[in-house]
Amino acid sequence: MNTMSRRCGQALVLALAMSGAAPLLAQSQARMVGPEHIQSYWIMLNTKVDADIPNSGSNMDKPGCVAVSYLIGSDGVPQNVTVRKVVPQSGLDAVAKSVVKNFRYGPSLTNRNSEPVSTYFIVPFNLPADEAQRKSIVAACKLPGFDQA
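Residues numbered from 1 in each chain as written. Predicted model: local features only at pLDDT ≥ 70, side-chain atom pairs only at ≥ 80, totals over all residues. Heavy atoms only, no water.

Asker: An account of the packing of aromatic side chains is requested, with residue identities and associated values reported.
Answerer: Counted under the stated rule, the structure contains five aromatic pairs. Each ring, one from Phe 103 and one from Tyr 105, has its centre 6.2 Å from the other, and the planes form 85°; the classification is edge-to-face. You can call Tyr 105 buried: its relative accessible area is 6%. Ring geometry for Phe 103 and Phe 121: centres 5.0 Å apart, planes at 85°, overall edge-to-face. Here Phe 103, found in the loop between helix H2 (93-101) and strand E5 (105-107), pairs with Phe 121, found in strand E6 (residues 117-125); they are 18 residues apart in sequence, far enough to count as distant. Clustering of aromatic rings is evident, with ring pairs tying together Tyr 70, Phe 103, Tyr 105 and Phe 121. (Phe/Tyr/Trp six-rings, centres within 6.5 Å; stacked < 30°, edge-to-face > 60°. Buried < 20%, exposed > 50% of the residue type's maximum accessible area, 1.4 Å probe, protein only. Helix = DSSP H or I, 4+ residues; strand = E, 2+ residues; numbered from the N terminus.)

Right, here's the structure in full:
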């Protein structure tokens, strides 16, 4: 193989590697938006969401919550769905993750370019009737580091 064709081959490999890395780079640099402000960027289109519910697991009947972080891609589909916090520890993490994976979004009027954003969603389970207790349980799943505006 001559030097010129070797350089072209290396350039092609580099170009392919860079094109694969570009979406990952964009995701890591996405604006972080708290759940209370996500509607400024994306509007949930679902009217209902299906969940994968296991037959058994630990603490499935206890009040609690699961915080799930994700990136809303430019197509409105959640990506990099990750369980970040489970309070108290339970088998409900997979349920919460499946809920978020089924979300679908459309861009808001102020997000005409469909800018991807990172956010999170708190999935509550078995919450008590008392509003103060409900708020306390959900507050335990708030994640730090997400812009509030």
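That shown, we press on.
Asker: Talk me through the environment of Lys 142; I want residue IDs and the actual numbers.
Answerer: With respect to the helices, strands and loops of the structure, Lys 142 is situated in the segment after helix H3 (131-139). A relative accessible area of 48% places Lys 142 in the partly exposed class. C-alpha of Lys 142 to C-alpha of Gly 34: the two residues are 108 residues apart in sequence and 9.3 Å apart in space. Setting aside its immediate chain neighbours within four residues, Lys 142 contacts Lys 85, Tyr 120 and Ile 122. (Contact = heavy atoms within 4.5 Å.)

Asker: Summarise the state of the cysteines; cite the residues concerned and give the values.
Answerer: Tallied over the full model, the rule gives one disulfide. In this model Cys 65 forms its disulfide with Cys 141; the gap between the sulfur atoms is 1.9 Å. Residues Cys 65 and Cys 141 are joined through a disulfide that is right-handed, its torsion about the S-S bond being 95°. Taken together, the residues Cys 65 in strand E3 (residues 64-72) and Cys 141 in the segment after H3 connect sequence positions 76 residues apart. (Disulfide = S-S within 2.5 Å.)

Asker: Can you explain the nonpolar core? Please cite residues and give values.
Answerer: With 20 residues, the main nonpolar core has Val 66, Tyr 70, Ile 72, Val 117 and Phe 125 as its most contacted residues. When residues of this core are traced back to their parent elements, those giving at least two are E3, strand E4 (78-87), H2 and E6. The residues touching Val 66, leaving out its near neighbours within four places in the chain, are Val 83, Lys 85, Val 86, Leu 92, Asp 93, Ala 96, Phe 121, Ile 122, Val 123, Phe 125 and Cys 141. Of all hydrophobic cores here, the second largest spans eight residues; its members include Tyr 120, Ile 122, Ile 137 and Phe 146. (Core = buried A, V, L, I, M, F, W, Y, C linked by side-chain atoms within 4.5 Å.)

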